[in-house]
Amino acid sequence: MAIIDDITALHKETLERIGAIGDSKELEAIRVEVVGKAGSLTGYLRSMGQVAKEHRAQIGKSVNLARNEIEAALEAKKAELSAREMEARIAASAVDVTLPGRSQQVGTRHLINAISDEISELFLGLGYTVLTGPEVETDWYNFTALNAPEDHPSRGLADTFYVKDNTGAETAVKGESAVLLRTQTSGVQVHAMEDRELPIYIIAPGKVYRRDVADPSHLPQFHQCEGLVIDKNITFGDLKGTLDYFCKQIFGPERKTRFRAHYFPFTEPSAEADVSCGVCGGTGHLHDGEKCRMCKGTGWIEILGCGMVDPNVLEMSGIDPEEYSGFAFGVGIERVACLKYNVPDLRMLLEGDMRFLRQF
Ligand code: DAH
């Protein structure tokens, strides 16, 4: 019977085509083409009505046989292909677990901030409060209220960055009209005396600006930490004890301090504090007798300015110098960082060289 031969041929050909297929999309196309609702094999069942009764059973049998075998072959091929495709996907996205990992770089505090925090923590431990003040300051807070004479050289255009000179009338504060980038954190002393109740125990770390060209020992922008104590019966002994403790905490317990008379407009008496040199141990020379270059052979390194708050400064801020006295100090943070770690050039702190910065 011709129709049986056709079915057998379709059956055989479909199995061969399935056998040769390497792609699941093509496989699906064959399924639709042969055994789908409108497929060629399905077509024989549909047209059964036109077939003579006595042939129906035989034709039905061959269609079902073909259908069962084709469907089984489709299933088997589908499983084989999806396993192969999965393997290919895994191979394509493979991770080589033997490669060393790329670790995340974790940042750290910059050395300047680390030292600033170390100083703050030290004074917090002594019961001080940490304050900040404005970096853009008026002449009053930066100079006048700190007893700076009208002709003090630091007030000059060559030393200070002015935002507005003293003709900018709209910026007038307490009769002083110039606006500038603060050259020292000492102005925070004045803010503290205005804003706070007595007694005062504060430090104030922050940025300051000076018209200096950057070189190994100068930067046009750097950091200071100011300190101010005002209470009853504060003496120069309190100043010395506090700053000696500060130096030993920061640089090490073996370090000594000394205080040399100096001049600052806002303190009387004033002093510069030196700390014994950490490179030569305060002797001024190295083991081979050579002069120590760190301290230039003196055995001492200047570290900060300090003094007893001048009675004029107390009075200008409305504090009775007969009742209260105090001491103040100002220390350069970059300078402390460089002395603590023997950094030879202040500019290294600002260059952003990771090989340098990672060491701290
Ligand atoms: N302001 C001074 C400077 O920039 C440092 C200083 C000296 C601050 C003596 C003080 C002080 O509070 O009492 O050089």
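Here we summarise the structure given alongside this text. Keep in mind it's a predicted model, so treat the numbers as computed, not measured. Going along each chain's sequence as written, the residues are numbered from 1 onward. pLDDT decides what is reported in this predicted model: residues at 70 or higher carry local features, side-chain atom pairs at 80 or more are listed and counted, and totals for whole chains, interfaces and linings draw on all residues regardless. With hydrogens and water excluded, all non-hydrogen atoms of the structure serve as input to the side-chain values.

### Re the overall build of the protein chain
Here is step 1 of the chain: Within the protein chain, the secondary structure is distributed over eleven helices and ten strands.
Here is step 2 of the chain: When we talk radius of gyration, it's over C-alpha atoms, and the globule rule is simply 2.2 Å times the number of residues to the 0.38. Compactness check: the protein chain gives a C-alpha radius of gyration of 44 Å against a globular reference of 21 Å for 360 residues, more than 25% above the reference.
Here is step 3 of the chain: Dimensions of the protein chain, computed from C-alpha atoms along their principal axes, come out at roughly 135 × 65 × 40 Å.
Here is step 4 of the chain: With 360 residues in all, the protein chain has 41% of them scored as buried.
Here is step 5 of the chain: Taking all contacts inside the protein chain whose residues are at least 6 apart in sequence as the whole, residues at least 24 apart take part in 66%.
Here is step 6 of the chain: Values of accessible area rely on a 1.4 Å probe in the Shrake-Rupley scheme; residue burial ignores everything except the protein chains shown. Accessible surface computed for the protein chain: about 20,100 Å², of which carbon and sulfur atoms make up 53%. Secondary structure follows DSSP: runs of H or I at least 4 residues long count as helices, runs of E at least 2 residues long count as strands, and numbering of each begins at the N terminus. Exposure classes here rest on a 1.4 Å probe applied to the protein chains alone. A residue is buried below 20% of its type maximum, exposed above 50%, and partly exposed in between. The contact criterion used throughout is that any non-hydrogen atoms of two residues lie within 4.5 Å.

### What to know about the environment of L81
Here is step 1 of the chain: Along the polypeptide, L81 turns up in helix α4 (residues 53-92).
Here is step 2 of the chain: L81 sits in the buried class, given a relative accessible area of 1%.
Here is step 3 of the chain: For L81 and S154, which are 73 residues apart along the polypeptide, the C-alpha to C-alpha distance reads 85 Å.
Here is step 4 of the chain: Setting aside chain neighbours within four positions, we find L81 in contact with I21, G22, D23, S24 and L27.

### Quick word on the sheet that holds strand β8 (residues 267-276)
Here is step 1 of the chain: Two strands pair under a simple rule: DSSP has to find at least two bridges between them. Across the sheet, seven strands lie side by side as β1-β5-β6-β10-β9-β8-β7; this open sheet has mixed pairing. Only two strands of the sheet have a single neighbouring strand rather than two, namely β1 (129-130) and β7 (257-264).
Here is step 2 of the chain: Running at roughly 145° to strand β9 (residues 300-309), helix α8 (residues 236-251) makes contact with β7, β8, β9 and β10 (325-332) of the sheet.
Here is step 3 of the chain: Packed on one face of the sheet, helix α10 (residues 333-341) meets β5 (200-209), β6 (221-231), β9 and β10 and runs near 145° to β9. Helix axes are fitted to C-alpha atoms over the stretch in contact, other axes to C-alpha atoms as well, and angles between N-to-C directions run from 0 to 180 degrees.

### Side note on α8
Here is step 1 of the chain: Working rule for helices: expected span equals 1.5 Å times residues minus one. The first and last C-alpha atoms of α8 sit 22 Å apart over 16 residues, in line with the 22 Å expected at 1.5 Å per residue.
Here is step 2 of the chain: Those residues of α8 that sit buried are L239, T242, L243, F246, C247, I250 and F251. Projection of α8 onto a plane perpendicular to its axis shows the buried side chains occupying an angular sector of 135°, all on one side.
Here is step 3 of the chain: Structurally, α8 contributes buried residues whose contacts are with α5 (111-125), β7, β8, β9, β10 and α10.
Here is step 4 of the chain: The definition of a polar contact used here is a pair of N or O atoms within 3.5 Å, where within protein one atom must be able to donate a hydrogen and the other to accept one, and adjacent residues in sequence count solely through side-chain atom pairs. The N-terminus of α8 is capped by T235, whose side-chain oxygen sits 3.1 Å from the backbone nitrogen of G237.
Here is step 5 of the chain: One or two positions beyond α8, positive phi appears at G252, with a value near 130°. Directions drawn from the helix axis to the C-beta atoms are what define this arc.

### A few points about the site of the ligand
Here is step 1 of the chain: We define proximity as follows: a residue is near a molecule or strand when any one of its heavy atoms falls within 4 Å of that partner. Neighbouring residues of the ligand: 15 residues in total, closest Q184, S186, R210, Q224 and E226.
Here is step 2 of the chain: One of the side-chain nitrogen or oxygen atoms of R210 is found 2.8 Å away from an oxygen atom of the ligand.
Here is step 3 of the chain: Q224 has a polar side-chain atom sitting 2.9 Å from an oxygen atom of the ligand.
Here is step 4 of the chain: Contact with the protein chains removes 90% of the 350 Å² of surface that the ligand exposes when unbound.
Here is step 5 of the chain: At the level of secondary structure, the elements contributing two or more residues to the shell around the ligand comprise β6, β9 and β10.

### Here's the deal with a nonpolar patch on the surface
Here is step 1 of the chain: Where nonpolar side chains cluster on the molecular surface, the patch consists of V279, L286 and M294 and spans about 200 Å² of accessible area.
Here is step 2 of the chain: The topology assignment puts M294 in the loop between β8 and β9.
Here is step 3 of the chain: For M294, a relative accessible area of 31% puts it in the partly exposed group. What makes a patch is a set of residues exposed beyond 30% relative accessible area and free of salt bridges, joined within 9 Å when like-charged and within 5 Å when nonpolar (Val, Leu, Ile, Met, Phe, Trp, Tyr). In the sections that follow, a salt bridge refers to a side-chain nitrogen of Lys or Arg positioned within 4 Å of a carboxyl oxygen of Asp or Glu.

### With respect to the packing of aromatic side chains
Here is step 1 of the chain: Any two rings among Phe, Tyr and Trp, with Trp reduced to its six-membered ring, count as a pair given centres within 6.5 Å; such a pair is stacked if its planes are under 30 degrees apart, edge-to-face if over 60, and tilted if neither. What the rule picks out here adds up to eight aromatic pairs.
Here is step 2 of the chain: For the ring pair Y128 and Y201, a centre distance of 5.7 Å and an interplane angle of 80° mean the geometry is edge-to-face. Placement of the pair is Y128 in the loop between α5 and β1 and Y201 in strand β5, with a sequence separation of 73 residues.
Here is step 3 of the chain: The partly exposed category is assigned to Y201, whose relative accessible area is 29%.
Here is step 4 of the chain: Seen in terms of ring centroids, F356 and F360 are 5.1 Å apart; in terms of plane orientation they differ by 70°. Their pairing is edge-to-face.
Here is step 5 of the chain: Here the aromatic cluster, defined as three or more aromatic residues joined through ring pairs, consists of F123, Y128, Y201, F246 and F329.

### Quick look at the side chain of D274
Here is step 1 of the chain: Here D274 is to be found in strand β8.
Here is step 2 of the chain: According to the relative accessible area criterion, D274 is buried, its value standing at 2%.
Here is step 3 of the chain: A polar atom in the side chain of D274 sits 2.7 Å from the side chain of R260.
Here is step 4 of the chain: D274 has contacts with K256, T257, R258, R260, W300, I301, E302 and I303, leaving out every residue within four places of it along the chain.

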